[in-house]
Amino acid sequence: MEVVVIPNSPEMPRTEASDAVHSTISALIRRRRVAREFEPGSLPRSQLESLVEAGSYAPSGSNRRPVKFVVVESVARIRQLLAASPGVLGRPPVVIVLCLDWSKAPHLSQDGPGTSHSLYVDLGAAMANVLLVVEALELAACPVMSFHRRSVQMLLGLPAHWSPIVMVTVGRPAGRPTAGTGRKVLTEVAEPASWVEPDSELRRSEAATMAGSCDVSKVRQGLLELMTYLAAAAWGNVNEAPGYGPLRLLEGVQRVARLLSDLGIGEETLTAYDRRITQEGMKILADSDLAVALADQLLAELMSKIADATQA
Ligand SMILES: Cc1cc2nc3c(=O)[nH]c(=O)nc-3n(C[C@H](O)[C@H](O)[C@H](O)COP(=O)(O)O)c2cc1C
């Protein structure tokens, strides 16, 4: 990249303090890398508040402040989010979902003179602030956009005018020692974040024993989550891998639907999708809009089943 330096005239005075701040920030910017492996275990609330605070201090076009932060600490809820998020690798203990609140800009549209670009720039600026403070706290994080937005919106019970745009997965980095961090007090955030609270002790022990359990309802839940993952991957894949990509993933959905049926815990609505994928396979191959529509409908169906299973 060519860099053109326009010298200050007259030369601005520099102080030792400003040099120190610059070198610290510059070191953080250069050191930051995404990390996708996390130590298990939640993070102190004060650290999470520092991340949200950093995001909320980012600049915002016309000072609209359209970015909303939803901090998810519940292991059970994160498990569900991951089912609809093929882009998340690893098992993050916290997910911060950055959403755009469209009620802050009702007159803006995707195209035309009043474009919505500014809102996305606001969100990117907020995300960059969050990632820098993650680095300063010696935590690990990865921004993720490969997820099914409507499923995430439904799982978190977000208002219809909030679109989840980026998830930032956060935790302690696996294999790297974490420096001690002083407590920070959140003095002022324009609008505080929403929180999906950590699980109760009971929930945590349930999650811990889930892997070893043969409880049929848990098997069903796991398989529904797998179907969701495959459907969300098909949905996200249509523009990336033309041809067989989405169809093969939907065929994976079919196989899980049949497995549920073989185990005697199948459901007519899912079997109907199994039949539909067989009938429409060739059309799906040629028509990515059809693949997206089918994956959207299937995901809405699966999300309500997963939500029901969690409440049960
Ligand atoms: C808008 C955006 C979306 C991203 N989506 C994903 C994603 O879905 N899954 C993932 O693992 N990484 C995702 N990343 C992380 C990039 O892969 C990563 O930033 C890039 O490889 C550069 O690595 P670095 O951040 O360590 O410099 C995303 C990054 C950005 C900025």
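Reference entry: report on the structure contained in this document. Keep in mind that what you see is a predicted model, and the values were worked out from it rather than measured.

A few words now on the pairing of strand E3 (residues 94-101). Where burial is concerned, most of E3 is hidden: seven out of the eight residues are buried. Summarising the sheet, strand E2 (residues 67-72) and E3 pair through six bridges and their orientation is antiparallel. Looking at the pairing, valine 71 lines up with isoleucine 96 of E3.

Here we come to the site of the ligand. The environment of the ligand is formed by Arg33, Val34, Arg36, Gly87, Leu89, Cys142, Pro143, Val144, Met145 and Ser146. For the shell around the ligand, the class distribution of residues is six nonpolar, two polar and two charged.

Turning our attention to unusual backbone geometry. The backbone of serine 62 sits at a positive phi, close to 55°, despite the residue not being glycine. Along the chain, serine 62 falls in the loop between helix H2 (45-56) and E2. Even without being glycine, arginine 65 reaches a positive phi, approximately 50°. With respect to the secondary-structure elements, arginine 65 resides in the loop between H2 and E2. Classification of arginine 65 as partly exposed rests on a count of 16 C-beta atoms within 10 Å.

In this fold, leucine 132 is placed in helix H4 (residues 117-136). In sequence terms leucine 132 and arginine 31 are 101 residues apart; their C-alpha atoms lie 9.6 Å from each other. When near neighbours in sequence (up to four residues on either side) are disregarded, leucine 132 contacts Leu28, Ile29, Arg32 and Ala54.

On to the pairing of strand E4 (residues 140-144), then. Counting buried residues along E4, four of its five residues qualify, which places the element largely inside the surrounding structure. Here E4 runs beside strand E5 (residues 162-173); their pairing, made up of five bridges, is antiparallel. Each bridged residue has a counterpart across the sheet, and for valine 144 the counterpart in E5 is methionine 167.

Rules used in this analysis
- Within every chain, residues take consecutive numbers counted from 1 along the sequence as written.
- Note on the predicted model: pLDDT of at least 70 is required for a residue's local features to be given, and 80 or more for side-chain atom pairs to be given and counted; whole-chain, interface and lining totals, by contrast, use all residues.
- With C-beta atoms placed from the backbone, the exposure class of a residue follows from how many other C-beta atoms lie within 10 Å of its own: 20 or more, buried; 12 or fewer, exposed; in between, partly exposed.
- Counting from the N terminus, the helices are DSSP H or I runs at least four residues long and the strands are E runs at least two residues long.
- Strands pair, by our definition, only if DSSP identifies at least two bridges between them.
- Here is the check we use: build the C-beta atom from the backbone, and if it is within 6 Å of the molecule or strand, call the residue near.
- Each residue gets one label: Ala, Val, Leu, Ile, Met, Phe, Trp, Tyr, Cys and Pro are nonpolar, Asp, Glu, Lys and Arg are charged, and the others, such as Gly, are polar.
- Note on contacts: each residue gets a C-beta atom placed from the backbone, and two residues are in contact if those atoms are within 7 Å.

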